[in-house]
Amino acid sequence: MARLRERRAVLGQRRRRLVSHDLVLRLHESGWELHLRLDKPKLLTGTATLRRALTLAAAVGVVAGGLGHGTADRGWLLVALLLAAIVVGIAQQTLP
Amino acid sequence: VFGIVNADANLRQAGSSWVGKAIVYSLSSGVAGAATGALLGTLGSWLPESGRIAVASLLGVAAAIVGGGELYYGRWRPIQCDRETPQRWLGAGALRWAARNGAALGIGATTRIGFWLWYAIPLAALLYGRPALGAIIYGLYGLVRGGAVWALLLGMALRPSTTPLAFRLLLHVAVARTVAAAALLALGLVVTIVVGF
């Protein structure tokens, strides 16, 4: 039984590796095709990393926001707002 | 871009310089954004600071929730007019169209907004309560939205394609949504940390 579980785990790992390999190959072959087929961008490794980083940042932010209560430098707020202005200005170029 | 490269005589665009149109369009967008930001900043300065801080802290948490929700659970449609600038404006003449269209997009409220992140721009200009900062934040947005036309025209010249530009841009909408949602979440967190709750 233990061996069977072990084999299943190995097979599962191989399958995951194959899937990610397939995605990478498609990316090299045709970038457009990847965008069209992957309507769920969460499959992209970069997005997954971004999500993980933001989850951590969210946890830190909520704790820091609760404890800090307005002690941080307001300069950061202006930087974040200017970045937001740039991001949304560029992102809106993709709208029909 | 359609309006800028348009040379249709029926639309009074024949013989018009695309460079002139692009300059007027991008400048108009930036100036309209800056003027709106300054106006909102002035309006904000009349509101009590404690009230602005309280609203900003609540909006910071809301931004983090909406940004996180979009990032993890998919798209939530923003409240918007959801319309393009009217094509009949082209009939007003090349430079008039450029100025009017640029201003409409630089202000953004009456056009297709597309992303919750957009709301951060007018709200920040209002809640900061400082006309100069409002003009800088909103003006930068207008300048980027209008000025992007130069990057698009350059891209069209350097990488010619048989696929229409609109389709090529549409292919990036999913990535743009992810990045905008991430930026909204990050902004919400920064507001929460800086302003507190």
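In every chain, residue numbers begin from 1 and rise along the written sequence. To read the labels, note that chains go from A and ligands from 1, taken in the order they are written. Per-residue local features of the predicted model are confined to residues with pLDDT of at least 70, and side-chain atom pairs are confined, for both listing and counting, to 80 or more; whole-chain, interface and lining totals are unaffected and use all residues. Hydrogens and water molecules were not included; the side-chain quantities draw on all heavy atoms of the structure.

**Student:** So what's going on with the overall build of chain A? Which residues, and what values?
**Tutor:** On a plain count of helices and strands, chain A comes out with four helices and zero strands. A run of H or I in DSSP counts as a helix once it spans at least four residues, and a run of E counts as a strand once it spans at least two, with each numbered from the N terminus. Mapped in sequence order, the helices and strands of chain A form the string α-α-α-α. On chain A, roughly 7100 Å² of surface is accessible, and the fraction owed to carbon and sulfur atoms is 63%. The protein chains shown are the only cover counted for residues, whose accessible areas, like all others here, come from Shrake-Rupley with a 1.4 Å probe.

**Student:** Provide a residue-level description of the overall build of chain B, including the pertinent values.
**Tutor:** Along the backbone of chain B there are eight helices and zero strands. In sequence order, chain B lays out its α and β elements as α-α-α-α-α-α-α-α. For chain B, the C-alpha atoms occupy an extent of roughly 55 × 40 × 25 Å along the three principal directions. Between buried and exposed lies partly exposed: a residue is buried under 20% and exposed over 50% of the maximum accessible area for its type, with that area taken using a 1.4 Å probe on protein chains only. Relative to its full complement of 197 residues, chain B shows a buried share of 47%. Long-range pairs, those at least 24 residues apart, make up 79% of the contacts in chain B with a sequence separation of at least 6. Positive and negative side-chain charges of chain B, numbering 15 and 5 respectively, have mean locations separated by a distance of 6 Å. In what follows, residue pairs with any heavy atoms lying within 4.5 Å of each other are defined as contacts. His residues and chain termini do not enter the charge count, which takes Lys and Arg as positive and Asp and Glu as negative. A charged residue contributes its charge at one atom only: NZ of Lys, CZ of Arg, CG of Asp or CD of Glu.

**Student:** Describe in detail the interface of chain A and chain B, supporting the description with residues and values.
**Tutor:** Interfaces are frequently sized by the accessible area removed from exposure as the parts join. Taken residue by residue, the interface counts 41 residues in chain A and 50 residues in chain B. Any Lys or Arg side-chain nitrogen located within 4 Å of an Asp or Glu carboxyl oxygen qualifies as a salt bridge. Where chain A packs against chain B, one counts zero salt bridges. In protein, a polar contact means a hydrogen-donor-capable atom and an acceptor-capable atom, both N or O and within 3.5 Å, with residues adjacent in sequence counting only if both atoms are side-chain atoms; elsewhere, any N or O pair within 3.5 Å suffices. Across the contact surface, chain A and chain B share four residue pairs in polar contact (both at pLDDT 80 or more). Secondary-structure elements contributing two or more residues to the side of chain A that touches chain B are α2 (31-37), α3 (45-68) and α4 (74-91) of chain A. With 15 residues, the single largest contributor to the side of chain A that touches chain B is α4(A). Counted by class, the side of chain A that touches chain B contains 25 nonpolar, 13 polar and three charged residues. Asp, Glu, Lys and Arg are counted as charged, while Ala, Val, Leu, Ile, Met, Phe, Trp, Tyr, Cys and Pro are counted as nonpolar; the rest, among them Gly, fall into the polar class.

**Student:** Got a sec to walk through the packing of helix α4 (residues 94-107) of chain B against helix α6 (residues 131-158) of chain B? Specific residues and values, please.
**Tutor:** Residue and element names in this part refer to chain B. Structural elements are reduced to axes, namely lines fitted to C-alpha atoms, with helices fitted over the stretch in contact, and the angle between N-to-C directions of any two is expressed from 0 to 180 degrees. Interhelical geometry of α4 versus α6 gives an angle of 130° and a closest axis separation of 8 Å. Taken together, the axes of α4 and α6 are oblique relative to one another. Where α4 crosses over α6, the handedness of that crossing is right-handed. In this structure, α4 contributes Leu105, Gly106 and Ile107 to the contact, and α6 contributes Tyr138, Tyr141, Gly142 and Arg145. Considered class by class, the residues forming the contact of α4 with α6 number four nonpolar, two polar and one charged. Here the word oblique covers every angle except those under 35 degrees (roughly parallel), over 145 (roughly antiparallel) and from 65 to 115 (roughly perpendicular). The hand of a helix crossing depends on one turn: near helix anticlockwise from the far one by less than a right angle means left-handed, and clockwise means right-handed.

**Student:** Hey, could you go over the environment of Gln87(B) for me, with residue numbers and the actual values?
**Tutor:** Residues and elements named next belong to chain B. Mapped onto the secondary structure, Gln87 falls in the loop between α3 (49-73) and α4. Here Gln87 falls in the exposed class, since its relative accessible area comes to 51%. In the structure, Gln87 is positioned 48 residues away from Leu39 in sequence and 28 Å away in space, judged by C-alpha atoms.

**Student:** Give me the packing of aromatic side chains: which residues, what numbers.
**Tutor:** All names here are of chain B. Any two rings among Phe, Tyr and Trp, with Trp reduced to its six-membered ring, count as a pair given centres within 6.5 Å; such a pair is stacked if its planes are under 30 degrees apart, edge-to-face if over 60, and tilted if neither. A complete count under the given rule lists four aromatic pairs over all chains for this structure. Centroid distance Tyr25 to Trp97: 6.1 Å. Interplanar angle 5°. Geometry classified as stacked. Of the two residues, Tyr25 sits in helix α2 (residues 18-45) while Trp97 sits in helix α4, which places them 72 residues apart along the sequence. Like Trp97, Tyr25 is buried. Both rings, one in Trp118 and one in Tyr119, keep their centres 5.1 Å apart while their planes meet at 80°; by these two values the pair is edge-to-face. For Tyr119, a relative accessible area of 22% puts it in the partly exposed group.

**Student:** Give me helix α8 (residues 173-195) of chain B: which residues, what numbers.
**Tutor:** Expected helix span is computed as 1.5 Å times (number of residues minus one). Its 23 residues give α8(B) an end-to-end C-alpha distance of 32 Å, which sits within 8% of 33 Å, the value for a rise of 1.5 Å per residue. Trailing α8(B) by a residue or two, Gly196(B) shows a phi angle of about 85°, which is positive.

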